[in-house]
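# Notes for the structure review
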Amino acid sequence: MFSRTAPILLLLTAAACAAADKVSSLDVRLLSTMLTSNEGYGEWGFAALVVADGHRILFDTGAHPDTVLNNARDLHIDLSNVPDVILSHHHLDYTAGLVTLRREYAKSNPAALARAHVGAGIFLSRTDGGAPEANPMIATKRDYESAGGTFIEYTQTRELFPGIWLTGPVPRKYPEKNWSPGRMLRLGDGKTTEDNLPEDQSLVIVTDKGLVVISGCGHSGIVNTMEYARAKIAPAPIYAALGGFHLYQASDDTLAWTAAKLKEFGLQNLLGAHCTGIEAVYRLRQLTGLDRKTAAVGAVGGGFNLATGLDPGSIAR
Ligand SMILES: [Zn+2]
Ligand SMILES: [Zn+2]
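First, a word on what this report is: a plain description of the structure on this page. Everything quoted here is computed from the prediction, not taken from an experiment. (Residues numbered from 1 in each chain as written. Chains lettered and ligands numbered in written order. Predicted model: local features only at pLDDT ≥ 70, side-chain atom pairs only at ≥ 80, totals over all residues. Heavy atoms only, no water.)

The subject of this paragraph is the packing of aromatic side chains. Within the structure shown, the criterion is met by 6 aromatic pairs. Aromatic pair Tyr144 and Phe151: ring centres 4.9 Å apart, planes at 55°, arrangement tilted. Taking relative accessible area as the criterion, Phe151 reaches 13% and is therefore assigned buried. Through a chain of ring-to-ring contacts, the aromatic side chains of Phe123, Tyr144 and Phe151 assemble into a single cluster. Its end group placed over the ring of Phe123, Lys141 keeps NZ or CZ at 5.5 Å from the ring centre. (Phe/Tyr/Trp six-rings, centres within 6.5 Å; stacked < 30°, edge-to-face > 60°. Buried < 20%, exposed > 50% of the residue type's maximum accessible area, 1.4 Å probe, protein only. Lys NZ or Arg CZ within 6 Å of the ring centre and 35° of its normal.)

Right, let's talk about the coordination of the zinc ion (ligand 1) for a bit. Coordination of the zinc ion (ligand 1) by the protein is provided by Cys217 (SG), His246 (ND1) and Cys275 (SG), with metal-donor distances spanning 1.9 to 2.2 Å. Sequence positions of the residues that donate to the zinc ion (ligand 1) give the spacing C-x28-H-x28-C. (Donors = N, O, S within 2.8 Å, 3.2 Å for Na, K, Ca; no water.)

This next bit is on the sheet that holds strand β17 (residues 295–297). Within the open sheet, the 7 strands sit side by side as β9-β10-β13-β14-β15-β16-β17. Their pairing is mixed. Only two strands of the sheet have a single partner each, and these edge strands are β9 (158–161) and β17. Each adjacent strand pair in this sheet contributes to an overall mean axis angle of 20°, direction not counted. Where strand β15 (residues 238–243) meets strand β16 (residues 269–272), 4 bridges bridge the pair, whose relative direction is parallel. Bridged to Gly243 within β16 is Gly272. (Pairing = 2+ DSSP bridges. Helix = DSSP H or I, 4+ residues; strand = E, 2+ residues; numbered from the N terminus. Axes fitted to C-alpha atoms, helices over the stretch in contact; angles between N-to-C directions.)

With that out of the way, let us pick up the pairing of strand β12 (residues 191–194). The pairing of strand β11 (residues 184–188) with β12 spans 4 bridges and is classified as antiparallel. Along β12, the bridge assignment pairs Arg186 with Thr192. The hairpin turn running from β11 into β12, its antiparallel successor, is 2 residues long, and Asp189 in that turn takes a positive phi close to 55°.

Take the sheet that holds β11 next. Here we have 3 strands laid out as an open sheet, ordered β7-β11-β12, and antiparallel in their pairing. A single partner strand is all that each edge strand has here, and the edge strands are β7 (126–127) and β12. Judged from the 2 bridges that link them, β7 and β11 form a sheet pairing that is antiparallel. Within the sheet, the bridge partner assigned to Arg126 lies in β11 and is Leu185.

What follows covers the pattern of salt bridges. Under the defined criterion, the tally for this structure stands at 18 salt bridges. Put simply, Asp208 and Lys22 hold a salt bridge, and the shortest N to O gap is 3.5 Å. Placement of the pair is Asp208 in the loop between β13 (203–207) and β14 (210–215) and Lys22 in the loop between α1 (2–18) and β1 (26–32), with a sequence separation of 186 residues. Residue Arg283 pairs with Asp252 through a salt bridge whose shortest N-O separation is 3.0 Å. (Salt bridge = Lys/Arg side-chain N within 4 Å of Asp/Glu carboxyl O.)

Another point: helix α7 (residues 252–264). In this model α7 runs 18 Å from its N-terminal to its C-terminal C-alpha over 13 residues, within 8% of the 18 Å that 1.5 Å per residue would give. Among all positions in α7, only Leu255, Thr258, Ala259, Lys261 and Leu262 are buried. Taken around the axis of α7, the buried residues stretch over an arc of 165°, which confines them to a single face. α7 presents Asp253, Lys263 and Glu264 as exposed residues on the side facing more than 90 degrees away from its buried surface. The inward-facing, buried residues of α7 abut α6 (222–232) and α8 (278–288). (Expected span 1.5 Å × (residues − 1). Arc of directions from axis to C-beta. Contact = heavy atoms within 4.5 Å.)

Positioned with a positive phi, His76 is a non-glycine residue whose angle comes to about 55°. Inspection of the secondary structure puts His76 in the loop between α2 (67–74) and β5 (84–86). At Asp189, a position not held by glycine, the phi torsion is positive, near 55°. Here Asp189 lies in the loop between β11 and β12.

Within the fold, Thr294 resides in the loop between α8 and β17. For the pair Thr294 and Asn269, spaced 25 residues apart in sequence, the C-alpha to C-alpha distance is 4.7 Å. Sequence-distant contacts of Thr294, defined by excluding residues within four places in its chain, comprise Gln268, Asn269, Leu270 and Leu310. Within polar-contact distance, the side chain of Thr294 engages the backbone nitrogen of Asp291 at 2.9 Å. (Polar contact = N/O pair within 3.5 Å; in protein donor to acceptor, adjacent residues only side chain to side chain.)

This paragraph deals with the layout of surface pockets. By volume, the largest pocket amounts to about 310 Å³. Lining the largest pocket we find 21 residues, and of these His91, Asp93, Ser180, Arg183 and His219 sit closest to its centre. By volume, the second largest pocket amounts to about 210 Å³. Around the second largest pocket sit 15 residues that line it, and Glu176, Lys177, Asn178, Leu247 and Thr254 are the ones nearest its centre. Of the residues belonging to the lining of the second largest pocket, the class tally is 7 nonpolar, 6 polar and 2 charged. (1 Å grid on protein atoms, 1.4 Å probe; cavity = no way out; pocket = protein on both sides within 12 Å on 5 of 7 lines; lining within 4 Å. Points joined across faces, edges and corners; volume = space filled by probe spheres on them. Nonpolar A, V, L, I, M, F, W, Y, C, P; charged D, E, K, R; others polar.)

This is the structure we're talking about:
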């Protein structure tokens, strides 16, 4: 029986791989990061509007409750027709805008920002030795749900729409530890363990040119995330890495190791925003052999388009 069915199964698997869904149009616009161009406010935070084959997705929501709201208005970007929001992890510089945005845009469209996609672990109780609860997502959950929003929690990689994937929590194969110490996960019975941001997830878009990886803070590690995406989603080169990769404190050795891995993955475009760090972006540009057209610091209003490439914003060209 096996000898008869195995070749058929192999053929089916090969056909399924060849026919893996790909996105043909993609535009990513930054709505929160430190640097800003002609319009919008800069802040220590991250948010981006992703439009992939017509699917409009907000990736993270900024550090102040009204930054993304104001920046979207300044940039004439309508978010009332965005049903889905992804939160990369629980830190406040990514999640502070969620409830404000939902409340504001629900006035004109009840479906606006009504679904929030999060990685398992985002609601775990944390302590930093100060306030009774150090995880702002516990209060945010209550407020978002009372504003009509629903959270969808992922324990593993999932295709949200054809060719548009969430990594879910990422295994930490390499020790790319980049988070600040001091915040602990509560395990119960008064016990705690270091908070390694287990919920940290990225968005991965499959295209003809390769994978486009969009990261908020990169606490899983840029290399861990890319290697996992290539193993779980598609064994393709990384066409573009966009967003925050938390390398601003990385040593020269770490940047050299990271750059070697990025070259191995075939990286062709890098838009380093937020906590990627300005020096880190330029160092990675040099070490990976990219140039000012293909590696830049991201600014509010800038972004990336699959057809035309990086559009960093006037200040960062
Ligand atoms: Zn970060
Ligand atoms: Zn973070």
